[in-house]
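Structural overview
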Amino acid sequence: MTPTRRAVLLTLPLALLGLGVSIYLAYEHYSTSATLACPDTGAINCVKVTSSSYSELAGVPVALLGLVYYVGIVALCLPVAWRTASPLVSRLRIAALAAGVGFVFYLVWAELFRIDAICLWCTVVHVSTVVLFAVVLLLAALAPPAAGAQPMATAPARRGSPAA
Amino acid sequence: MSSRTPTSNSRKAADRQRRAGELAAERAHAERRRRLRIAVASIAAVALVLTGLVVASVAGFGDGADDPAAASTSSADAAVKAATSVPPSALDAVGAGTSETPPTRVPDARAITQDGKPQVLYVGAEYCPFCAAQRWPVVVALSRFGTWKGLGGSESASDDVYPRTRTLTFHGASYTSDYLSFTGVETSTNQKVNGAYEKLDELKGEDARTFVTYARPPFISGPAGSIPFLSLGGEFVLGGSQYVPDVLVGKSRTDIASALDDPQSDTAQAVNGSANVLTAALCELTDGQPHNVCMSTGVMTAAKKLDAGS
């Protein structure tokens, strides 16, 4: 399996999962939230979380932020993004996921310490963000070293060819 | 001295190339190990933070457990939990319910804010049965805009009308919200000392001025200084309770709080209905935020009651 294929197989399903749940949460935010498939009493209470004051940030629904975020993450996990040689894409992918993990910290803190309820659907998005972050970091760590190191190893073969 | 043969030279060159290749491979390996260490450390840090948050939550950090005011309210925990998490479906199904007296709009209102947010001011006393009734919808309504801490249990006086009406108390409670601020003043306890109810919180400063200005006709229907008194950002005021407390008499706090989940119950009709009317008024102060609260069926329905009463 090529490195690109492995990266796509590991990240794209997670990104699509996050996007799917984000679409669902955004839809529920703009509808009545009454159809959220989740208990609405006790510690597991999606509606309490999605209708709390923490469901919006500076007037923008967090569900909408999640949707926009995951559209970007899916784009960064597409085969074409993994194939690109530009280090910018790789850095952007890691930076976006690190920012996502930071936001997950904030949302989990709000759920546990301010709202006193856990939203199962939100947790799916949180888990996919954290797992994606871990997978992308490991893929970046295991990738071949930067292009600058390559010629030393490959140069002798190239130089030796004419003499053979 | 040119004894070196081409074969010897090419062997040396091949050795150099091999060593260079080995060195490059070693460097690449070391670089990969370094990056792997950083990645694993980052992942471990993320896992550690998330585990820390969960452990701290389970251990009760941040829930006011070390706060004496919160500790004294532990017996009311179940009621507080239920009253602060009434399902939106139960509120939507009730609409205005049996709520009778809506807050009235203040003509030429002067916005009253605290920390840059519209201030909800409650003035009452623990002995007062109408205050006991009114606290329930205040707690339910404000829970939709923010979070309560340190709410405790209380009851009205046993020698007054609607004796021992079970309720929550704002004494020692705090409220945080992105949209509103809250000040709750319980001026007296429900215990008499030398024939008078013991003093509790002091009404002072701007809050006292708001009370003196608006807790009188024509802003409220009762006599001047009536409690409970509510000012919603200085734009709406309410004197007395929104419903008659008889629906609560003889019920425990837990009974009252758990009945809020059942839209058919008398308690939910009165408390949730009043909470929806209050929420409709509060939504005017927050410019309709949060959207899903202010646009909910129950609040939209209750808003008609608000307009009918202004």
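Each chain has its residues counted from 1, running along the sequence as written. The lettering of chains begins at A and the numbering of ligands begins at 1, in the order of writing. pLDDT decides what is reported in this predicted model: residues at 70 or higher carry local features, side-chain atom pairs at 80 or more are listed and counted, and totals for whole chains, interfaces and linings draw on all residues regardless.

What follows concerns the overall build of chain B. Working definition: helices are DSSP H or I runs of at least four residues, strands are E runs of at least two. Numbering for both runs from the N terminus. Regarding its fold elements, chain B presents ten helices and twelve strands. With C-beta atoms placed from the backbone, a residue counts as buried when 20 or more other C-beta atoms lie within 10 Å of its own, as exposed when 12 or fewer do, and as partly exposed for counts between those limits. Looking at the 310 residues of chain B, the share that counts as buried comes to 45%. When contacts within chain B are restricted to residue pairs at least 6 apart in sequence, long-range pairs at least 24 apart make up 73% of them. Whether two residues are in contact depends on their C-beta atoms, placed from the backbone: they are in contact if these lie within 7 Å.

Here we come to the interface of chain B and chain A. Contacts between the two partners involve 38 residues from chain B and, on the opposite side, 36 residues from chain A. Going through the elements one at a time, helix 1 (6-59), helix 4 (88-94), strand 4 (146-149) and helix 9 (291-294) of chain B are the ones with two or more residues in the side of chain B that touches chain A. Here the element with the most residues in the side of chain B that touches chain A is helix 1 of chain B; it accounts for 19 residues. Its residues assigned to classes, the side of chain B that touches chain A shows 17 nonpolar, 14 polar and seven charged. Charged residues are taken to be Asp, Glu, Lys and Arg, nonpolar residues to be Ala, Val, Leu, Ile, Met, Phe, Trp, Tyr, Cys and Pro, and polar residues to be all remaining types, Gly included.

The next point concerns the environment of Ala 224 of chain B. Residues and elements named next belong to chain B. Residue position: Ala 224 is located in the loop between helix 6 (205-214) and strand 11 (229-232). A sequence separation of eleven residues divides Ala 224 from Thr 213, and the C-alpha atoms of the two residues are 9.3 Å apart. Excluding anything up to four places from it in sequence, Ala 224 contacts Ala 215 and Arg 216.

A separate point is the packing of helix 5 (residues 129-143) of chain B against helix 8 (residues 266-285) of chain B. Residue and element names in this part refer to chain B. Axis definition: a line fit to C-alpha positions, over the contact stretch in the case of helices; interaxial angles, taken between N-to-C directions, run 0 to 180 degrees. In the contact formed by helix 5 and helix 8, the axes pass within 8 Å of each other and the chain directions differ by 55°. By the angle between their directions, the pair helix 5 and helix 8 is classed as oblique. As for how helix 5 packs across helix 8, the hand of that crossing is right-handed. Residue-level inspection shows Trp 136, Pro 137, Val 138, Val 140 and Ala 141 of helix 5 in contact with helix 8, the latter providing Val 271, Asn 272, Ser 274, Ala 275, Leu 278, Thr 279 and Leu 282. Taken together, the residues of the contact of helix 5 with helix 8 break down into nine nonpolar, three polar and no charged. Throughout, the term roughly parallel applies to angles under 35 degrees, roughly antiparallel to angles over 145, roughly perpendicular to angles from 65 to 115, and oblique to all others. When the near helix sits turned anticlockwise from the far one by under a right angle, the crossing is termed left-handed; a clockwise turn instead gives a right-handed crossing.

All names here are of chain B. Structurally, Arg 164 is set in the loop between strand 5 (152-155) and strand 6 (166-169). Overall, the presence of 17 C-beta atoms within 10 Å leaves Arg 164 in the partly exposed class. Taking the C-alpha atoms as reference points, Arg 164 and Asn 190, separated by 26 residues in sequence, lie 9.4 Å from one another. With residues near it in sequence (within four places) discarded, Arg 164 still touches Glu 155, Ser 156 and Ser 158.

All names here are of chain B. For chain B, mean pLDDT is 88; residues scoring 70 or higher make up 92% of the total. Mean pLDDT across the secondary structure elements of chain B bottoms out at helix 2 (residues 68-71), with 37, and peaks at helix 5, with 97. One number per residue, pLDDT, summarises how confident the predictor is, and it ranges from 0 to 100. Counting contacts from residues 62-75, a segment whose pLDDT is below 50, to residues more than four positions away or on other chains yields 19 contacts. Predicted complex metrics record ipTM = 0.79 and pTM = 0.54.

Turning our attention to the pairing of strand 5 of chain B. All names here are of chain B. Burial along strand 5 is two-sided: the face carrying Gly 152 and Ser 154 and the face carrying Gly 153 and Glu 155 are both buried. Any two strands are treated as partners once DSSP identifies two or more bridges connecting them. Sheet analysis places strand 5 next to strand 6, joined by four bridges and oriented antiparallel. Among the inter-strand pairings, Gly 153 is bridged to a residue of strand 6, identified as Leu 168.

What follows covers unusual backbone geometry. Residue and element names in this part refer to chain B. Residue Pro 228 follows Ile 227 across a cis peptide bond; omega there is 0°. Tracing the backbone through its elements, the reader meets Pro 228 in the loop between helix 6 and strand 11. With an omega of -10°, the peptide bond running from Gln 289 to Pro 290 counts as cis. In this structure, Pro 290 sits in the loop between helix 8 and helix 9. The phi angle at Asp 108 is positive, at roughly 50°, despite the residue not being glycine. Locating Asp 108 in the fold gives a position in the loop between strand 1 (104-105) and strand 2 (113-114).

Moving on: helix 6 of chain B. Residue and element names in this part refer to chain B. For helix 6, the set of buried residues is Asp 207, Thr 210, Phe 211 and Tyr 214. For helix 6, the buried positions fall inside an angular range of 95° around the axis, keeping them on one side. When the buried face of helix 6 is taken as reference, the exposed residues oriented beyond 90 degrees from it are Gly 205, Arg 209 and Val 212. Buried positions along helix 6 lie against strand 3 (117-124), strand 8 (181-186), strand 11 and strand 12 (236-239). Each C-beta atom gives one direction from the helix axis, and the arc is the one those directions make.

In terms of nonpolar packing, the biggest core is built from 73 residues, with Ala 83, Val 139, Val 140, Leu 142, Leu 260 and Leu 282 of chain B touching the most fellow members. The element that contributes the greatest number of residues to this core is helix 8 of chain B, accounting for eleven residues. Residues in contact with Val 139 of chain B, not counting those within four places in the same chain, are Ala 83, Thr 84, Trp 148, Leu 151 and Leu 168 of chain B. Residues enter a nonpolar core if they are buried, belong to Ala, Val, Leu, Ile, Met, Phe, Trp, Tyr or Cys, and are joined to the set through C-beta atoms within 7 Å. Grouped together as the second largest cluster of nonpolar side chains are 37 residues, Leu 19, Ile 73, Leu 97 and Leu 132 of chain A included.

This part is about the pairing of strand 3 of chain B. In the case of a regular strand, side chains alternate between the two sheet surfaces. Residue and element names in this part refer to chain B. With respect to burial, strand 3 is a largely interior element, seven of its eight residues being buried. Summarising the sheet, strand 2 and strand 3 pair through two bridges and their orientation is antiparallel. Across the sheet, residue Thr 113 finds its bridge partner in strand 3, namely Pro 118. From the end of strand 2 to the start of strand 3, which pair antiparallel, there are two residues, and Asp 115 there has a positive phi angle of about 55°. When strand 3 meets strand 8, the two strands line up parallel, connected through six bridges. Paired with Gly 124 across the two strands is Glu 186, which belongs to strand 8. Examined bridge by bridge, strand 3 and strand 11 share four bridges and lie antiparallel to one another. Across the sheet, the residue bridging to Leu 121 is Ser 231, located in strand 11.

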